[in-house]
Amino acid sequence: MVVGLANHTLLISKDGKEIPIADGDAPIKNGMNEIIGVVLIFRDQTKEREAKRELFQSEEQFRLIFERFTSGKSLTLPDGKLSKVNQAFAEMLGYTFDEMWNLNFADLTCPDDMAESWECIRSLLADEKSVYRMEKRYSHKDGSIVLADVNSTLLRDERNNPLHLVTSIQDITLRKQSEELLRQS
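A brief structural summary. (Residues numbered from 1 in each chain as written. Predicted model: local features only at pLDDT ≥ 70, side-chain atom pairs only at ≥ 80, totals over all residues. Heavy atoms only, no water.)

### Describing the sheet that holds strand β8 (residues 162–171)
Strand order in the open sheet formed by five strands is β5-β4-β8-β7-β6, and the pairing between neighbours is antiparallel. The open sheet terminates on both sides in strands that have one partner only, identified here as β5 (82–85) and β6 (131–139). Taken pair by pair, the neighbouring strands of this sheet meet at an average axis angle of 30 degrees, ignoring direction. Pairing geometry for strand β7 (residues 145–156) and β8, over nine bridges, is antiparallel. Within the sheet, the bridge partner assigned to V150 lies in β8 and is I169. Against the sheet, helix α5 (residues 114–125) makes contact with β6, β7 and β8, and its axis sits at roughly 155 degrees relative to β6, the strand it touches most. (Pairing = 2+ DSSP bridges. Helix = DSSP H or I, 4+ residues; strand = E, 2+ residues; numbered from the N terminus. Axes fitted to C-alpha atoms, helices over the stretch in contact; angles between N-to-C directions. Contact = heavy atoms within 4.5 Å.)

### A look at the packing of aromatic side chains
Tallied over the entire structure, the rule returns three aromatic pairs. Centre to centre, the rings of F97 and W101 are 5.6 Å apart; their planes meet at 85 degrees, and the pair counts as edge-to-face. For F97, a relative accessible area of 30% translates into the label partly exposed. Aromatic pair F105 and W118: ring centres 5.0 Å apart, planes at 65 degrees, arrangement edge-to-face. Here F105, found in helix α4 (residues 105–108), pairs with W118, found in helix α5; they are 13 residues apart in sequence, far enough to count as distant. What makes W118 partly exposed here is its relative accessible area of 38%. The side chain of K73 reaches across the aromatic face of F69, ending 4.1 Å from its centre. (Phe/Tyr/Trp six-rings, centres within 6.5 Å; stacked < 30°, edge-to-face > 60°. Buried < 20%, exposed > 50% of the residue type's maximum accessible area, 1.4 Å probe, protein only. Lys NZ or Arg CZ within 6 Å of the ring centre and 35° of its normal.)

### Let's talk about unusual backbone geometry
Positioned with a positive phi, D127 is a non-glycine residue whose angle comes to about 60 degrees. Considering the arrangement of structural elements, one finds D127 in the loop between α5 and β6.

### Quick word on the environment of L155
Mapped onto the elements of the fold, L155 is located in strand β7. For L155, a relative accessible area of 39% translates into the label partly exposed. Separated by 21 residues in the primary sequence, L155 and M134 have C-alpha atoms spaced 18 Å apart. With sequence-adjacent residues up to four places away left out, L155 is seen in contact with N161, P162, L163, H164 and V166.

As structure tokens, this is what we get:
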């Protein structure tokens, strides 16, 4: 039977360098099925462990950027289901972070803006655009309207299948109200 040794095993070279290894062993038996030795197998995992560390750091950086950004961020499935949102987006629309998980983007979008929102998804899925930008009205939980500058792009997997839309939502309600007051004056 082949047996693996402890995880995260290190070999120490003569010059003191630590080399992470994957390892295993198997018994050597004689004709009477007695163990007379062991075969040890070591494989240098330096590159694999470095790649794992870099991937973890990259994922952690993305998570922190996504969660801490002061403008709204969302990951939306191609069917419109919100798969991830940040706290800023939830607060922008008056929802708790947990309430957002049960919503579809259509639940948050003003009905008159639905056609353009579906066009955004369609054009990104069809690769007609790499980024879709629009001004959009969201329905705040209290019934008020939130005007937003929305930028979406589509991320795909290694087989080019759509994963989710990454969307940045900037609340421009106050700016639009100020512009309207200036026009009226």
